[in-house]
Amino acid sequence: GKVVGCPHHILEPERRNLFTYSEDYSQSVWTKDNTTVTSGFISPDGSLNAYKILEDTSNGIHRLYPNFTVNSQKHTSSVFAKKGTRNWIFLRLEGLTENQRTWFDLENGVIGTVNSDHNASIEDYGNGWYRCSVSIKGTAYQSSFPILGIAEADNSVSYIGNGIGSIYIWGSQVEAGSYPTSYIPTNGEANGVTRQAETANGSGDAATFNDSEGVLMYEFALQKGDNEVRQFSLSNESDNENVKILQLNGSTVRFEAKMSSGSNFVKDVLIAAEINNKYLIQYKANNYKVFVNGFAQSVGQRSTTPTGLNRISFDRGDGASDFYGKTKQIQYYNSVLTDSELEQLTS
């Protein structure tokens, strides 16, 4: 993936790019309606492998799409695109109803009209390139072609081409999931290419961590459109005794100290997706604290703390609820800190 505010560490789930040719748009698997394609332009990876899509003079939709349909489940479609003599593109991916489209402005790097069944994002990759993506939201979907179209303006679909209108594209991806993951190139593989799930293990032991008190800080960005529970924990390798900072859903972060006795500490905080934030939980009997981006949160207290803590892991402790996302930094202290130190640590 692309490093923004470097460095950060990306853990991602298993995903498969279903396109058989994700970069070669000259292949017959790509249907070109009222357009032609030519190669030899600098792509985001620095190679001369990007394509220019040129509209003809027809009165109609100027677009590309593959020769397969996406089945009826949550999918995400994405493409790297750059303005030519046109600035607008749209991506179509079916949701609850037909002809679901979302528009992107490649001159200003902003999203235009977003269909009600879509989550959309645009990310700047430099040199005029943007990665544009749409994801289906909701619980019911229709099969569809993932379509890329040139547009005259926001919310424009069909128009009379001028024979010189163009954009540049590279790196198309369609994947089963509710948000885009890092790009997976394909080159003729019949069933696309799969990236295996990524893991990170083996951090610390019982001598590293203090059961009676400590501070766990985690700086990361929630994934927009990902509503799964994603957990990061200091634990005894179970979900019975742990200190956790977790993505409860796409808009809520939960701070939790979980104990076999059942007297758990819990604090939920609403947060925006796709923004890097600093989260901190301090645990000690009757001295629990939570800070977010330099600000203390109001919390209740507990008179107990988890025991047997011996491992930090990107899950809830027992291997379930894996955390997938962008991690900027992790810090652990084996004793409590002052409020001033906690504020500074998360500012």
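Right, let's walk through the structure included here. Note that this is a predicted model, so its numbers are computed, not measured.

The next subject is the overall build of the protein. Check the secondary structure of the protein and you find 1 helix and 27 strands. For the C-alpha atoms alone, the extent of the protein along its principal axes is close to 75 × 40 × 40 Å. When burial is assessed residue by residue, the protein has 50% of its 347 residues classed as buried. Taking all contacts inside the protein whose residues are at least 6 apart in sequence as the whole, residues at least 24 apart take part in 68%. Carbon together with sulfur atoms contributes 45% to the accessible area of the protein, which is approximately 14400 Å² in total.

It is worth spelling out the packing of aromatic side chains at this point. Tallied over the entire structure, the rule returns 20 aromatic pairs. Ring plane angle 80° and centroid distance 5.1 Å describe the contact between Phe220 and Phe323, whose orientation is recorded as edge-to-face. Highlighted residues: Phe220 in strand E18 (residues 213–221) and Phe323 in the loop between strand E26 (311–313) and strand E27 (325–333), separated in sequence by 103 residues. You can call Phe220 buried: its relative accessible area is 0%.

Positive phi is not limited to glycine here, since Asn155 has a value of about 70°. Residue placement: Asn155 occurs in the loop between strand E14 (147–151) and strand E15 (158–160). A relative accessible area of 49% places Asn155 in the partly exposed class. Of note in this structure, Asn286 is not a glycine but carries a positive phi near 60°. The class for Asn286 is exposed, based on a relative accessible area of 54%.

Turning our attention to the sheet that holds E18. One open sheet accounts for 6 strands, arranged E1-E27-E18-E23-E24-E25; its pairing is antiparallel. Taken across any chain shown, the strands that pair with only one partner, and hence form the sheet edges, are strand E1 (9–11) and strand E25 (295–297). The mean inter-strand angle of the sheet, taken between neighbouring strand axes irrespective of direction, is 30°. Bridge count for E18 against E27 is 7 bridges, and the pairing is antiparallel. From the neighbouring strand, Ala221 faces E27, where its bridge partner is Lys326.

Moving on, we get to the pairing of strand E5 (residues 50–55). In this structure, strand E4 (residues 35–41) lies alongside E5, joined through 6 bridges in antiparallel fashion. Bridging across to E5, Phe41 finds its partner in Ala50. Pairing geometry for E5 and strand E16 (residues 166–176), over 4 bridges, is antiparallel. Residue pairing for E16: Lys52 is matched across the bridge by Tyr168.

Moving on, we come to the side chain of Thr35. Position of Thr35 relative to the elements: it lies in strand E4. A polar atom in the side chain of Thr35 sits 3.4 Å from the backbone oxygen of Arg63. Residue contacts for Thr35: discarding those within four places in its chain leaves Ile53, Leu54, Glu55, Asp56, His62, Arg63, Leu64 and Ile150.

This paragraph deals with the nonpolar core. If you look at the biggest cluster of nonpolar residues, it comprises 30 residues, and the most contacted ones within it are Leu216, Leu234, Ile245 and Phe255. Listed by contribution, the elements that provide at least two residues to this core are E18, strand E19 (230–235), strand E20 (242–249), strand E21 (252–258), strand E22 (265–270), strand E23 (276–284) and strand E24 (289–292). Core analysis: the second largest hydrophobic core is formed by 28 residues, Val37, Leu93, Ile167 and Val174 among them.

Given 3.6 residues to a turn, an α-helix orients residues that are three or four positions apart in the same direction. Those residues of helix H1 (residues 339–346) not exposed but buried are Leu342, Leu345 and Thr346. The arc that holds every buried residue of H1, seen down its axis, measures 85°, which confines them to one face. Turned more than 90 degrees away from the buried face of H1, the exposed residues are Ser340 and Gln344. At its buried positions, H1 is contacted by E18, E23, E24 and E27.

Among the secondary structure elements, Ser58 is positioned in the loop between E5 and strand E6 (59–61). Judged by relative accessible area, which is 24%, Ser58 ranks as partly exposed. Along the chain, Ser58 and Tyr159 lie 101 residues apart, while their C-alpha atoms are 7.9 Å from each other. Once residues within four sequence positions are removed from consideration, Ser58 is found in contact with Asn34, Tyr159, Ile160 and Gly161.

This paragraph deals with the sheet that holds strand E10 (residues 101–105). Taking strand neighbours across the sheet as the criterion, the 6 strands line up as E3-E7-E14-E9-E10-E11 in an open arrangement whose pairing is antiparallel. Each having just a single partner strand, strand E3 (30–33) and strand E11 (110–111) make up the two edges of the open sheet. Note: strand E9 (residues 88–92) against E10, 5 bridges, orientation antiparallel. In the strand pairing of E10, Trp88 is matched with Asp105.

It is worth spelling out the environment of Gln282 at this point. Assignment of secondary structure puts Gln282 in strand E23. With 129 residues separating them along the chain, Gln282 and Ala153 place their C-alpha atoms 51 Å apart. A polar atom in the side chain of Gln282 sits 3.2 Å from the backbone oxygen of Asn287. A polar contact of 3.1 Å, which involves the side chain of Gln282, links it to the backbone nitrogen of Leu337.

About the cut-offs
Every chain is numbered on its own, with residues counted from 1 as its sequence reads. Per-residue local features of the predicted model are confined to residues with pLDDT of at least 70, and side-chain atom pairs are confined, for both listing and counting, to 80 or more; whole-chain, interface and lining totals are unaffected and use all residues. Excluded from the side-chain calculation are hydrogens and water; included are all heavy atoms of the structure. Counting from the N terminus, the helices are DSSP H or I runs at least four residues long and the strands are E runs at least two residues long. Relative accessible area decides the class of each residue, using a 1.4 Å probe on protein chains only: under 20% of the type maximum gives buried, over 50% gives exposed, and in between gives partly exposed. Contacts between residues were defined by any pair of non-hydrogen atoms, one from each residue, lying within 4.5 Å. Per-residue and other accessible areas were derived by the Shrake-Rupley procedure at a 1.4 Å probe size, with only the shown protein chains allowed to occlude residues. A pair of aromatic rings is counted whenever rings of Phe, Tyr or Trp (Trp by its six-membered ring) have centres within 6.5 Å, and the orientation is called stacked for planes under 30 degrees apart, edge-to-face for over 60 and tilted otherwise. Strands were regarded as paired on the criterion that DSSP finds at least two bridges between them. Inter-axis angles, ranging from 0 to 180 degrees, are taken between N-to-C directions of lines fitted to C-alpha atoms, where helices are fitted over the stretch in contact. Whenever a nitrogen or oxygen atom comes within 3.5 Å of another N or O atom, the pair is scored as a polar contact, on the condition that within protein one atom can donate a hydrogen and the other can accept it, and that pairs from neighbouring residues in sequence are kept only if both atoms are in side chains. Within this scheme, the nonpolar core is defined by two criteria: the residues are buried Ala, Val, Leu, Ile, Met, Phe, Trp, Tyr or Cys, and they are joined through side-chain atoms within 4.5 Å. Think of it as the arc spanned by the lines of direction from the helix axis to the C-beta atoms.

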